[in-house]
Amino acid sequence: MISRKEFLKQASLFSAGSFLIGPIAGLNSKSDISPAVTILYTNDTHARLDPFPSNAREFAGLGGIAQRASLVKKIRSQNKNVLLLDAGDVFQGTPWFDVYGGSVDLKLMTEMNYDAMTIGNHEFDRGPDGFAEAARKAGFPILASNYFVRETPLNPFVQRQLVREIDGFRIGIFGLGIRLQGVVDRGLYGDVRYFDPIQVSQRMVQSLRIHNHCDYVICLSHLGYSYNDDKIDDLKLAKQVEGIDLIIGGHTHTFLDAPVSVENSSGSKTVITQMGHSGIRLGRVDVSLSDSSETPEIYSRYYTVGRQE
Amino acid sequence: MRFFPVLLFALLFTGCTMFSTTAAEEEPELDYPNPDSEISRLLDGYRPFLYREMGRPVAVAKDTLRFNKPESTLGNIVSDALRIRGANELGRQVHIGVIGDSSFRLFFKPGPITVGDIYEFMPYENNLVILTLTGEKIIELVQQNASLGGAPISGVRYTITPEGTARGILVNAEVVDPERHYRVATTSWAANGGDLFPALWEPVERKDLEISVRHIYVDYFGSLKEIYDVTDGRIRR
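Described in the following lines is the structure provided in the data block. Everything numeric here is computed off the predicted structure, so don't read it as measured data. (Residues numbered from 1 in each chain as written. Chains lettered and ligands numbered in written order. Predicted model: local features only at pLDDT ≥ 70, side-chain atom pairs only at ≥ 80, totals over all residues. Heavy atoms only, no water.)

## Side note on the sheet that holds strand S14 (residues 269-273) of chain A
Residue and element names in this part refer to chain A. With mixed pairing, six strands are arranged side by side in an open sheet as S8-S9-S11-S12-S14-S13. Where the open sheet ends on each side, the last strands, each with one partner, are strand S8 (161-166) and strand S13 (260-263). Ignoring which end each strand starts from, the neighbouring axes of this sheet average 25 degrees apart. Strands S8, strand S9 (169-176) and strand S11 (216-221) of the sheet are contacted by helix H7 (residues 197-211), whose axis makes an angle of about 160 degrees with S9. (Pairing = 2+ DSSP bridges. Helix = DSSP H or I, 4+ residues; strand = E, 2+ residues; numbered from the N terminus. Axes fitted to C-alpha atoms, helices over the stretch in contact; angles between N-to-C directions. Contact = heavy atoms within 4.5 Å.)

Structure, rendered in C-alpha cells:
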C-alpha cells in the first residue's frame, strides 16, 4: 500500500492545474496567422532561491530557482515562443537577500531568460541605490509604467512598456507598482513618484494597441488581487480599464487555482491570475489565435515547483 | 506584504481538473522538480560567502522546537525576547511581550541554529516598539490571545475556559488593574496593525526603538545557548 508520505510526494509531482478560458474579446481584430505564445510567470518569489527547508512550517521542499529553471527549460524545449515574466517582489525573505541584496536573484533570472518584471514594494527594501545596484545584474527590462524614476538611480533600468513580436503576433507588456506611501518607508523610495494606475493603464493600452499595433496586452501588476476598501486592486483595474487581456498579479500572495475573468463596461474581458508566492508555483498561459476566431483564446494552468516533504 | 496561505494543499493535490479538450497534451512532467544543473552551479558559486555570513551558530536546539497552542517553547521564546530586550533598553520594567506567530517561517529540529536560520525563521525587517496600554486594553489583549486558542505572550499567565475566553489573568503575578498603565513590547508590524491584535492599536503612548527584531532574536537565542522543549504553563486549559 502506498504510504501517506509517498502519496504526497507523487501528488506534488502531478499537481499541475489547468483551465481553459476564452475566447477573450480584444479591442483589436486582425491577423490571419495562428500564433501560439506560451507565457510563463511568477510573482513574489521573495529570495526563495533554495526550496523551503525541511523545517519550514509550511511548504517544506517546495520552490527553488534551479527547480523552476529546469521546468522552464523543459517547456521551452516543447514550445518555440515562450515569454517568462515576473510581477515583482523578487527581493526579501531569505538570508540570500540579507547577504546579496537581490543581485543573485536578478542574475539567475537573467540566466533563465526572463523577459521582464515589474517593481514590487520590497524592491525598495534597500532604497533606490540598493535596488539600482542589484538591477545592474538584470539583463531584462524592469517595467514600471506608473512610477516616475527619472530623478533616481533606477532610471537606467526601468522602462514603461515592452513590445514583443512573435510570429507576427504583437504582445505589449506594461507594469504597475503599488502606492508606496504607507507601504514602503519614505526614506527608502526616495524620489520615486507614484501615479494613478487607472489613468496610466488607459494611456498604456492606447499606446500599445493603437500606436504599437499590439494584438495582446499584458499588465504585470504589483497592486494586489483584491481589497475590501477603495484601494486599487487587480479586480478594480480590470473592471475600469478596457483593453488589457491579461493581468499577472502579485503582492497579496494569492494562490488563484484558476484565473478570474472580469468583464468591463465595454464588454471586453480581462483575465487575472496570480501564483501565490515564493516560486511555489509557476504559472502558464497559452495564447492562441485560431483562424475561425478573431479573438485570442487562452489556456491556463500552473505547475507546483519542487517536491513536497 | 505578508504571506496569506490561501493555498489548500488538499485542493492542490486534486487540482488536475480538466476544463479543456487538450487533455492529451497535458503535463504532468516527472522530472521538473530536479534542479537545473547550470542554475545550480551558478547558485552554488554564491554559497560560500552566504554561509560565511550566515553560518555562524548562535545556539543549539536539544529537542524539536515548535509553535503550538495554547503555549509552546518557540512561542514563549519569541515573546520573552521582546519583553526582556525592551526592559533592558528602557531600563525599567516592561510587563508584557506579544507577537503573532504567523510571521515565523521555521520550526527547529535538534541541532545547531545559525544566524541564517534565525533570519529565515523571522524573515521580516521589523523594529521593537514599546506601547503603554491601560489595564482595560491589557485584558482585551489577553482575551484576543485566548480567542486564538493561545498565542505567543510573555509576562502573562491565564487559563482558557472551555468557551475560549481567558480567566485568572495575571500580569507580573498580579491581577490586572483596568485603570493602571502597563508597558507592552511588540513589533512595529503588530503596532502598525499587522498580526491582528486590535488592543494594541490605540496606545496611551508609543515608543519606537531602532532595534531590529531579527537581531533581538539572534541575541536572545544566543543567550539561551542550549534550548530544550520546555514550557512554563503560562497559558493553561
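## Examining unusual backbone geometry
In this model, Lys69(B) is joined to Pro70(B) through a cis peptide bond whose omega is 0 degrees. Along the chain, the position of Pro70(B) falls in the loop between strand S1 (57-61) and helix H4 (73-90). A positive phi angle, close to 50 degrees, is found at Asp167(A), a residue other than glycine. Topologically, Asp167(A) is positioned in the loop between S8 and S9.

## Description of the packing of helix H2 (residues 65-78) of chain A against helix H2 (residues 37-45) of chain B
Describing two packed helices takes the angle between their axes plus the distance from one axis to the other. Two elements in contact, H2(A) and H2(B), have axes whose closest approach is 8 Å; the angle formed by their N-to-C orientations is 155 degrees. In this view, H2(A) runs roughly antiparallel relative to H2(B), as classed from their interaxial angle. The handedness of the crossing between H2(A) and H2(B) is right-handed. Of the residues in H2(B), those touching H2(A) at Ile65(A), Ala66(A), Ala69(A) and Lys73(A) are Glu38(B), Ile39(B), Ser40(B) and Leu43(B). Taken together, the residues of the contact of H2(A) with H2(B) sort by class into five nonpolar, one polar and two charged. (Parallel < 35°, antiparallel > 145°, perpendicular 65-115°, else oblique. Left-handed = near helix turned anticlockwise from the far one by under 90°. Nonpolar A, V, L, I, M, F, W, Y, C, P; charged D, E, K, R; others polar.)

## Brief notes about the environment of Asn76(B)
Residue and element names in this part refer to chain B. Along the chain, Asn 76 turns up in helix H4. Asn 76 sits 76 residues away from Pro 152 along the chain, and the two C-alpha atoms are 5.8 Å apart. Excluding residues that lie within four positions of it along the chain, Asn 76 makes contacts with Glu 71, Thr 231, Asp 232 and Arg 234.

## What to know about helix H5 (residues 127-135) of chain A
Among all positions of H5(A), only Gly127(A), Pro128(A), Phe131(A), Ala132(A), Ala134(A) and Ala135(A) are buried. Residues of H5(A) that are buried make contact with helix H4 (103-111), strand S5 (142-143) and helix H6 (186-189) of chain A. (Buried < 20%, exposed > 50% of the residue type's maximum accessible area, 1.4 Å probe, protein only.)

## Focus: the packing of H4(B) against helix H8 (residues 213-224) of chain B
All names here are of chain B. At a closest axis distance of 10 Å, the pairing of H4 and H8 adopts a crossing angle of 105 degrees. Between H4 and H8, the angle is such that the two are roughly perpendicular. Side by side, H4 and H8 meet where Leu 74, Ile 77, Val 78, Asp 80, Ala 81, Leu 82, Ile 84 and Arg 85 of the first sit next to Val 213, Ile 216, Tyr 217, Asp 219, Tyr 220, Phe 221 and Leu 224 of the second. Looking at the contact of H4 with H8 residue by residue, the class counts come to twelve nonpolar, no polar and three charged.

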